[in-house]
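# A structural walkthrough
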Amino acid sequence: MDPFQESPRNDDVVNFQKSGFDIKKEISNYTRYWYWFVIAMVTFLLGAFLYLRYAVPLYLVNATVMIVDEKDSGGPDLAALGELGVVSNSQNKIESEIVRFKSRTLMENVVKDLKINVQYFSLGRIAYKENYNSSLFTVNFLANDSIVYRSSAKFIVEIKSPSTFTLKNENEDVLGTYSFGESVELGFSDIIITPNVKQMGRYVGSVIMVKLSPVSDVSRIYRNNLSVVQNKTNANVISISLSDTVGEKGADVVNTLIDYYNKAYVADKNQVSVNTIKFINDRLDVVYKDLSQADKDAVFFKSSNQLTDIDSEVGVFLSADTANETQIKELTTQQRLINFMIQSVNTQGQNYEALSTSLGGTFPSVAQSVTNYNILAAQRKSLLESSTLRNPTVINLTQQLENLKSNLKQSLNTISQSISIQLSTLRDQNAVLDSKLTSVPGQERELRDITRRLETKEQIYLFLLQKREEAAISLAVTKPNSKVIDPAVGQFASLVSPNRKMIFAGAFLMGLVIPFGVIYIKGLLDSKIHSKDDIEGKLSAPLVGDIPRMRRRDKVLISKKDRSGFAESFRILRTNLDFLLAGTKEKGKTIFVTSSISGEGKTLVSVNVASTLAMTGKKVVLVGTDMRNPKLHEFINIPEKDLVNGLSNYITKPAVKPEDVILKYEENDWFDVISSGAIPPNPAELLMQDKVNRLFEYLKDNYDYIVVDSAPVSLVTDTMLIAPLSDLTIYIVRADFTDVKMLNNIETMYREKRLPNMAVLLNAVDRRTGYYGSYGSGYYGTEANGGKKKFSLNPLSWFKKAS
């Protein structure tokens, strides 16, 4: 197929939208910018490396704790209450303990104990790094702890000598030089800095930043970073995790938090025993006084009445009476205990303090109810430390306590009524026996009353002593309800952030995505012509060739020895022009070079077309008809005095002849030049003069080729006025410059034959999209380099070659 044959097309309006999909072309649109991908990936990977190098790491420490269940000694009755929701179940207990672990009070105690509200940071090459338990010195604040715990400060200590240091504020303003151990005034408190190492001289020049934070702020940060969750496989196991910039510090915080949790639980449990012991001691004082008084009364009565023994004749009656009296004593004791329990329950109110568990041993059901009551009261009190009365769990516990208190009152009243009935019966029996003992002297009967009262007080006293010992033992053996399965260990802390693999993968991905996105968006917004593919099939005019984009080492005006791709492209163009000019006369072939707008390279093409034609031995003249914006002098070294002696002077001055404006090109003698001359105010009117036709007639008679650098056709009408003088019109389209919409104007001019024998030339084609990248360094390069290919290991030469 003839390369200059008109492309088959319909007569419909041309659609210049880019269509079709060529996977190879699409890939090449990105691979041609491979260096941007390399630069982007190297940049992002380097940024990721620097970020990882100086980012503050975050470690995660974990501990596992088992919550030990309370011994259920209530039997089926308590189990039934638990099913009805009267007492708390295991799930509510675990949730309560989780709330307790995250309480503000516990975390503040941990912060105060570990003194982590004071941080020490050593200055590295760029950033500060925290020194936990390894600081060169310790800062001692002399103010009250209550002031220190609420204060915040930041200052810098620079070690000047083994015994002195310089103190600076956070803005690095020097506050003074002091000695270690010297009291230094620091606003809210005086401080004393004491060294922690013996050979301080080895650390001269070290810079340490000290940061003091309020305990409440530090506690809030750690509570936010603390996670306490229930184990999914074991309901009684709690997993505690904490993230911190120092693994050892995070482990110490978690372990200390568990210790304070256990201490708080033991303290709550011991409070029940303490209240019981306090109550027993109060009762012992009262009973002891009553017992002492009864003993004195018995001694005084016997001594005053000289009584030593009871008459044997009333032994039988006294035996029965004694048995009754024994039961009465036991029932009376029980009655008093019940009355005391009723009084204790009635005085509870809304405080829900722990009840005495040691006084209900005679009544197992009462003892169990009291135990359940104390457990719920302790849980409620623990929750109120970190919540309010409106907390749903607190409300639930309060309702359960009210139910237990109501049941306990009812049980105590029932027992009291039963004892009262038994006492009434026994007293009636005693009345019968007493009537039979009317013969007994009144002194003996009075002595028996005193003795009975004495024995009753003694039994109560011994009973209280026993219960006090039991409460003391319970206080001594109370153990926490949690067992540490796995303590937190700083050495086993896992790195949470930064994630090296994710950051490097993200950097690598960004290095690919961002250049890809930029190139893709650039392609979406691009409306320029880039290659022959953007022209072929869209224009009826033949494509005469394409010229590669000039490189810095390329010469503007090619020479005979030039073997670059740029020069060879014009030689190919010269050959193609011979095909297009076939059939024209041998002498005076006129070639117009034009474009749509300025800047598309028509002058560059005109100069080199004239040069390549002249290399064949033909006589060539280059005529500049663009009198509005002449550019020939920028490509050809025309003396300044000859610039005004050109086409415009020839037309305007009748006496000037054609041979007067023809300039011989000094650097070579194979083509002549007619410059555009002085810039006139009316170029279009000048080109309409007859002298223009006479000039071209003269040139056609004396030259083989006439190359005309004409004005852009879309801007002015100058070229259209002299177009009939042309045998061939080369229409320049510049890659990466000419808008694809311009093709519509080119097609219109071609179809309407406004420009004779028009052909399109694509200028400034990217070498990476064509075959010019290796032109001159391949086949012709062997001649230029003496038959040897040169290969450079310098990467810069690769970039230069690519550019």
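Look above for the structure.
Attention here is on the structure that accompanies the text. (Residues numbered from 1 in each chain as written. Predicted model: local features only at pLDDT ≥ 70, side-chain atom pairs only at ≥ 80, totals over all residues. Heavy atoms only, no water.)

Along its length, the protein carries 25 helices and 22 strands. Residues counted as buried form 44% of the 803 residues belonging to the protein. For the protein, the proportion of contacts with a sequence separation of at least 24, taken over those separated by at least 6, is 80%. When the accessible area of the protein is evaluated, it comes to approximately 43,000 Å², of which 53% is carbon and sulfur surface. (Helix = DSSP H or I, 4+ residues; strand = E, 2+ residues; numbered from the N terminus. Buried < 20%, exposed > 50% of the residue type's maximum accessible area, 1.4 Å probe, protein only. Contact = heavy atoms within 4.5 Å. Areas by Shrake-Rupley, 256 points an atom, 1.4 Å probe, with all protein chains shown as cover.)

Take the sheet that holds strand β8 (residues 183-186) next. Strands pair in a sheet through their backbones, by hydrogen bonds, and they do so in one of two ways: parallel or antiparallel. Spatially, the 3 strands line up as an open sheet ordered β4-β9-β8, and their pairing is antiparallel. The open sheet has two edge strands, β4 (137-141) and β8, and neither has a second partner. Taken pair by pair, the neighbouring strands of this sheet meet at an average axis angle of 35°, ignoring direction. Pairing analysis gives 5 bridges linking β4 to strand β9 (residues 189-195), with the strands arranged antiparallel. The partner of Val 139 across the bridge, within β9, is Ile 193. (Pairing = 2+ DSSP bridges. Axes fitted to C-alpha atoms, helices over the stretch in contact; angles between N-to-C directions.)

Any aromatic ring pair is given by two values, namely how distant the centres are and how the planes are angled relative to each other. All told, the structure shown has 12 aromatic pairs when counted by the stated rule. For the pair Tyr 120 and Phe 137, a centre-to-centre distance of 6.0 Å together with 85° between the ring planes defines the contact as edge-to-face. Of this pair, Tyr 120 sits in strand β2 (residues 118-123) while Phe 137 sits in strand β4, and the two are 17 residues apart along the sequence. Judged by relative accessible area, Tyr 120 falls into the buried class, the value being 10%. Note on Phe 137: relative accessible area 0%, which makes it buried. Considering the side-chain rings of Phe 141 and Phe 188, the 6.1 Å spacing of their centres and the 20° angle between planes classify their relative orientation as stacked. (Phe/Tyr/Trp six-rings, centres within 6.5 Å; stacked < 30°, edge-to-face > 60°.)

So, about the packing of helix α2 (residues 34-54) against helix α13 (residues 500-525). At their nearest, the axes of α2 and α13 sit 8 Å apart, and the two run at 150° to each other. Taken together, the axis directions place α2 and α13 in an arrangement best described as roughly antiparallel. For the crossing formed where α2 meets α13, the hand is right-handed. Each of Trp 36, Phe 37, Ala 40, Met 41, Phe 44, Leu 45, Ala 48, Phe 49, Tyr 51 and Leu 52 in α2 lies in contact with α13, whose residues at this interface are Arg 500, Ile 503, Phe 504, Ala 507, Phe 508, Met 510, Gly 511, Leu 512, Ile 514, Pro 515, Phe 516 and Ile 519. Considered class by class, the residues forming the contact of α2 with α13 number 20 nonpolar, 1 polar and 1 charged. (Parallel < 35°, antiparallel > 145°, perpendicular 65-115°, else oblique. Left-handed = near helix turned anticlockwise from the far one by under 90°. Nonpolar A, V, L, I, M, F, W, Y, C, P; charged D, E, K, R; others polar.)

In this structure, Trp 36 sits in helix α2. Accessibility expressed as a relative area gives 46% for Trp 36, which makes it partly exposed. Linking Trp 36 and Ile 519, residues 483 residues apart in sequence, is a C-alpha distance of 9.8 Å.

Attention shifts here to the environment of Gly 677. The residue Gly 677 is located in the loop between β19 (671-674) and α20 (683-687) in this model. With relative accessibility at 10%, the residue Gly 677 sits in the buried group. The residues contacting Gly 677, other than those within four sequence positions of it, are Leu 643, Val 644, Gly 646, Leu 647, Ser 648 and Asn 649.

With that out of the way, let us pick up the sheet that holds strand β20 (residues 705-709). Ordered by their spatial adjacency, 8 strands build an open sheet running β15-β22-β21-β16-β20-β17-β19-β18, and the pairing between neighbours is mixed. The sheet is open, and its two edges are formed by β15 (543-548) and β18 (663-664), each paired on a single side. Taken together, the 5 bridges between strand β16 (residues 589-595) and strand β21 (residues 728-734) define a ladder with parallel strand orientation. Among the inter-strand pairings, Val 593 is bridged to a residue of β21, identified as Ile 730. The strands touched by helix α21 (residues 690-702) are β16, β17 (620-624), β19 and β20; relative to β20, the strand with the most contacts, the crossing angle is about 140°.

Most of β20 is tucked away, with 5 of its 5 residues classed as buried. Here β20 shows no split at all, with Tyr 705, Val 707 and Asp 709 on one side and Ile 706 and Val 708 on the other all buried. As defined by bridge partners, β16 adjoins β20 across 5 bridges and the pair is classed as parallel. Following the sheet pairing, Phe 592 is matched in β20 by Val 708. Of the strand pairs in this sheet, β17 and β20 are connected by 5 bridges, and their pairing is parallel.

So, on to the pattern of salt bridges. The tally for this structure, following the rule as stated, stands at 22 salt bridges. Here Glu 158 and Lys 168 are joined by a salt bridge, their closest N and O atoms 3.1 Å apart. Here Glu 158, found in strand β5 (residues 153-159), pairs with Lys 168, found in strand β6 (residues 164-169); they are 10 residues apart in sequence, far enough to count as distant. Of the residues examined, Glu 158 reaches a relative accessible area of 15% and is grouped as buried. You can call Lys 168 buried: its relative accessible area is 17%. (Salt bridge = Lys/Arg side-chain N within 4 Å of Asp/Glu carboxyl O.)

A separate point is helix α15 (residues 602-614). When the terminal C-alpha atoms of α15 are compared, their 18 Å separation across 13 residues agrees well with the 18 Å that a helix rising 1.5 Å per residue should span. Across the 13 residues of α15, 13 count as buried, placing the element largely inside the fold. (Expected span 1.5 Å × (residues − 1).)

Turning our attention to the side chain of Thr 625. Residue placement: Thr 625 occurs in the loop between β17 and α16 (632-635). The contact partners of Thr 625, leaving out residues within four places of it in the chain, are Leu 647, Leu 687, Val 708, Asp 709, Ser 710, Ala 711 and Ile 722.

Our focus in this paragraph is the side chain of Ser 135. The topology assignment puts Ser 135 in the loop between β3 (128-130) and β4. Within the local environment of Ser 135, its side chain forms a polar contact with the backbone oxygen of Phe 137, the two atoms lying 2.8 Å apart. (Polar contact = N/O pair within 3.5 Å; in protein donor to acceptor, adjacent residues only side chain to side chain.)

Contact geometry for helix α14 (residues 565-580) and α15: axes closest at 9 Å, N-to-C directions at 70°. Judged on the interaxial angle alone, α15 and α14 are roughly perpendicular. Contacts between α14 and α15 involve Phe 566, Phe 570, Arg 571, Leu 573, Arg 574 and Leu 577 from the first element and Leu 604, Val 605, Asn 608, Val 609, Thr 612 and Leu 613 from the second. For the contact of α14 with α15, the per-class residue count stands at 8 nonpolar, 2 polar and 2 charged.

The next subject is unusual backbone geometry. For the bond running from Ser 497 to Pro 498, omega is 0°, close enough to zero to count as cis. Within the secondary structure layout, Pro 498 lies in the loop between β14 (494-497) and α13. The backbone of Lys 753 shows a phi angle near 55°, a positive value even though the residue is not glycine. Within the element layout of this structure, Lys 753 appears in the loop between α23 (742-751) and β22 (758-765). Take Lys 753: its relative accessible area is 67%, and that puts it in the exposed class. The phi dihedral of Ala 764 is positive, around 60°, even though this residue is not glycine. Within the secondary structure layout, Ala 764 lies in strand β22. Take Ala 764: its relative accessible area is 8%, and that puts it in the buried class.

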